[in-house]
Amino acid sequence: MPGSTIDESWMRAALDLAQQAEAEDEVPVGAVLVQDNQIIGQGWNRPIHAHDPSAHAEIQAIRNAGQGQTNYRLPGTTLYVTLEPCTMCAGAIIHARIQRLVFGAYDPRTGAIQSVAHILDQPYHNHKPTYLGGVLENECAQLLKSFFEKKRLNK
């Protein structure tokens, strides 16, 4: 199980938000953005409710932090998200100048950090966040698996 106790603690906060997404019948992904051991932004998946394809948990957390910090740049922060970010979210992480990304479950279909694409490793980016995957991986993956199993049963 990679990551420190601190990483696991923040990932649990992201898991709580993922459950909020599930309660809204959204894909259960949650994210918290942390700076100086405090949450400065948080979000959960809301594309269906917001009628916004960009309303992923990561984007919601980055927007929330940007508003609170009155800045579109968020240096010195760590983003915790329950699922490996997609290409869109990886780009937002770079543009926001987030220092570090920690994610839970890997996404073998659209994961843009390690699984499919390696967006953060590309040499042409002028900002290179560090990243760590697999923190509370089983818990994060199980939440997603259960959600989709219920969806298939209710069809």
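Structure's up top.
Attention here is on the structure that accompanies the text. Computed from a predicted model, the values in this text were never measured in an experiment. Counting restarts for each chain, with residues numbered from 1 along the sequence as it is written. Reporting of local features is limited, given that this is a predicted model, to residues whose pLDDT is at least 70; pairs of side-chain atoms are given and counted only at 80 or more, and all residues count toward the totals for whole chains, interfaces and linings. For side-chain calculations, the full set of non-hydrogen atoms in the structure is used, while hydrogens and water are omitted.

### Regarding helix 1 (residues 5–23)
No. 1: A run of H or I in DSSP becomes a helix once it reaches four residues, and a run of E becomes a strand once it reaches two; helices and strands are each numbered from the N terminus. By this rule, a helix spans an expected 1.5 Å times one less than how many residues it contains. Between its first and last C-alpha atoms helix 1 spans 27 Å; for 19 residues at 1.5 Å apiece the expected length is 27 Å, and the two agree.
No. 2: Among the residues of helix 1, Asp-7, Glu-8, Trp-10, Met-11, Ala-13, Ala-14, Leu-15, Leu-17, Ala-18 and Ala-21 are the ones counted as buried.
No. 3: Where helix 1 is buried, its residues meet strand 1 (30–35), strand 2 (38–44), strand 3 (78–83), strand 4 (100–105), strand 5 (130–133) and helix 5 (137–153).
No. 4: Looking at where helix 1 begins, the residue whose side-chain oxygen comes 3.3 Å from the main-chain nitrogen of Ile-6 is Ser-4. Under the scheme applied here, a residue whose accessible area is under 20% of the maximum for its type counts as buried, over 50% as exposed, and between as partly exposed, the area being computed with a 1.4 Å probe on protein chains only. Should any heavy atoms of two residues lie within 4.5 Å, those residues are counted as being in contact. Polar contact is defined as a pair of N or O atoms within 3.5 Å, subject to the rule that within protein one atom must be able to donate a hydrogen and the other to accept it, and that residues adjacent in sequence are counted only when both atoms are side-chain atoms.

### Observations regarding the side chain of Gln-60
No. 1: Among the structural elements, Gln-60 can be located in helix 3 (residues 57–69).
No. 2: Once residues lying within four places of it in the same chain are set aside, the contact partners of Gln-60 are Gln-42, Gly-43, Trp-44, Arg-46 and Ala-55.

### A few points about the side chain of Glu-26
No. 1: Take Glu-26: it is sitting in the loop between helix 1 and strand 1.
No. 2: Buried and without a salt bridge, Glu-26 has Arg-46 as its closest oppositely charged side chain, separated by 5.4 Å.
No. 3: Setting aside residues up to four positions removed in sequence, Glu-26 forms contacts with Ala-21, Asn-45, Arg-46, Pro-47, Ile-48, His-49 and Phe-147. Just so you know, the count uses Lys and Arg for positive and Asp and Glu for negative, and it drops His and the chain ends. Within this document, salt bridges are pairs made up of a side-chain nitrogen of Lys or Arg and a carboxyl oxygen of Asp or Glu, the two lying within 4 Å of each other.

### A closer look at helix 3
No. 1: Taking 1.5 Å per residue, 13 residues should reach 18 Å; helix 3 reaches 18 Å between its end C-alpha atoms and fits that length.
No. 2: Taken together, the buried positions of helix 3 are occupied by Ala-57, Glu-58, Ile-59, Gln-60, Ala-61, Ile-62, Ala-65 and Gly-66.
No. 3: The elements touched by buried residues of helix 3 are strand 1, strand 2, strand 3 and helix 4 (87–95).
No. 4: Phi turns positive one or two residues past the end of helix 3, at Thr-70, with a value near 45°.

All we've got here are geometric facts, nothing functional implied.
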